[in-house]
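Fold and contact review
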Amino acid sequence: MKFAMIGAGAMGLRYGILLQEAGNDVTFIDTWQPHIDKIREQGGVYVSRDHQDRHLTPIKLETPESYKGDPDILIFFTKQMQLAGFLKRCEHFFNDRQYAFTCMNGMGHIEKLQQYFADDKIIAGTALIATVLNGPGDVDFMGKAGAGKMNMANLTEKPDEMTHQLFDELKKANMNPTLTTNFRGTLMTKVIFNSVINTLCTLFEIQMGEFGNFPKAYDLGRQLIDEAYDICERAGITLVSTRDEEMHALDINTRIDMPLHYPSMYQDMIHDRPTEVDYINGYIAQLGREHNYEAKTHIFLTNLVHLAEYHRANQ
Ligand code: NAD
């Protein structure tokens, strides 16, 4: 299959390089000039696995303006606040035949994709796959080959032939996909998961294991989970796990699966980039407002992350 990776950061590189290694035709499209310059200068991207086996992987790289191809599927891996800009710059190569797929964190991206793609061409999901961009042209795939897993669903909740083809390619690429027919519930379950781990680890600049091993981690997580689940009940969203299952997943993920990992929101904070908190805790709070529920803890945490961003920007 022919893919265009829109956003060649940590996750764009991980998905794109693994799809390329599984035999697909992949082109990466990016806008961050130091990254583009470095990849061109060194003839590819340096890829490591868990800090080991650093090796150069050649890739095809274009900017939105220089790309002239016609991919079957465009895979979007930008930060939420970058997406509108990428869509506008890439619009000239979009057509009605193409599918848009993404596993970005947070919520807000689907409405933006709908401005350019028909509902039956949008597939989205969630990725429990940790990847770190060490710097321009240098990426680290955390976890062993085949580590991590992902979910995907059609916006229409009706998988078609292209969905199954994409699923097969992701499986060959060792991404461990699961296909669901609960679009909003699948995406929101991950938003809620991130609203605990990403946000608290970022605020305190700690690894996931440091949070998971804290004796009051359950209480902190439960308060956020309860607020978010109450809101989803009011909004008629059927989440893919119960509150207890979500608490269990938080515990296993932080203490056992990825204790040494800093979440992607932390990577943004330490590089003085804006975080996605408005699309995670902020999105839950907004959904609450729409359903007459004040998500006090999520609002408080959103403001705390903005305080940390503000403090760093004014140091
Ligand atoms: P990323 O920040 O690595 O890359 C996104 C874009 O930002 C790319 O175009 C990249 O070139 C550019 N970029 C990277 N560093 C930059 C810098 N210092 N200055 C300017 N531009 C820069 O983003 P990502 O981690 O690939 O995340 C994409 C989406 O996937 C997000 O919604 C994220 O939350 C989600 N996600 C990330 C992970 C992860 O482990 N990284 C896991 C699951 C989901």
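Residues numbered from 1 in each chain as written. Predicted model: local features only at pLDDT ≥ 70, side-chain atom pairs only at ≥ 80, totals over all residues. Heavy atoms only, no water.

**Thoughts on the site of the ligand**
- With respect to spatial proximity, 22 residues lie near the ligand, and among them M11, D30, K79, R273 and E276 are the closest.
- One of the side-chain N or O atoms of K79 is found 2.8 Å from an oxygen atom in the ligand.
- Note that an oxygen atom of the ligand is positioned 2.7 Å from one of the side-chain N or O atoms of R273.
- Taken by itself the ligand offers 800 Å² of open surface, and the protein chains cover 89% of this. (Near = heavy atom within 4 Å. Polar contact = N/O pair within 3.5 Å; in protein donor to acceptor, adjacent residues only side chain to side chain. Areas by Shrake-Rupley, 256 points an atom, 1.4 Å probe, with all protein chains shown as cover.)

**Focus: the nonpolar core**
- Membership of the largest hydrophobic core comes to 99 residues, with the highest contact counts inside it found for Y15, F76, F101 and M188.
- It is helix 6 (residues 183-204) that contributes the most residues to this core, ten residues altogether.
- Each residue touching F76, except ones within four places of it in the same chain, is listed here: I6, L83, L87, F94, A100, F101, T102, C103, M104, L113 and F117. (Core = buried A, V, L, I, M, F, W, Y, C linked by side-chain atoms within 4.5 Å. Buried < 20%, exposed > 50% of the residue type's maximum accessible area, 1.4 Å probe, protein only. Helix = DSSP H or I, 4+ residues; strand = E, 2+ residues; numbered from the N terminus. Contact = heavy atoms within 4.5 Å.)

**Describing the side chain of T202**
- Of note, T202 is situated in helix 6.
- In terms of polar contacts, T202 uses its side chain to reach the backbone carbonyl oxygen of N198, at 2.5 Å.
- When near neighbours in sequence (up to four residues on either side) are disregarded, T202 contacts M265, Y266 and M269.

**Remarks on unusual backbone geometry**
- The phi dihedral of E157 falls on the positive side, at around 65°, and the residue is not glycine.
- The phi torsion at E205 lies on the positive side, around 50°, for a residue other than glycine.
- Position of E205 relative to the elements: it lies in the loop between helix 6 and helix 7 (208-212).

**Brief notes about the sheet that holds strand 5 (residues 60-62)**
- The eight strands lie next to each other as 5-2-1-6-7-8-11-12, forming an open sheet whose pairing is mixed. Every other strand in the sheet has two partners, leaving strand 5 and strand 12 (177-180) as the edge strands with one partner each. Going from strand to strand, the sheet's axes swing by 25° on average, the running direction of each strand aside.
- Packing against the sheet, helix 1 (residues 10-21) makes contact with strand 1 (2-6), strand 2 (25-29), strand 6 (73-76), strand 7 (99-102), strand 8 (122-128) and strand 11 (149-154), and its axis sits at approximately 160° to strand 2.
- Relative to the sheet, helix 6 contacts strand 8, strand 11 and strand 12, its axis offset from that of strand 8 by approximately 30°. (Pairing = 2+ DSSP bridges. Axes fitted to C-alpha atoms, helices over the stretch in contact; angles between N-to-C directions.)

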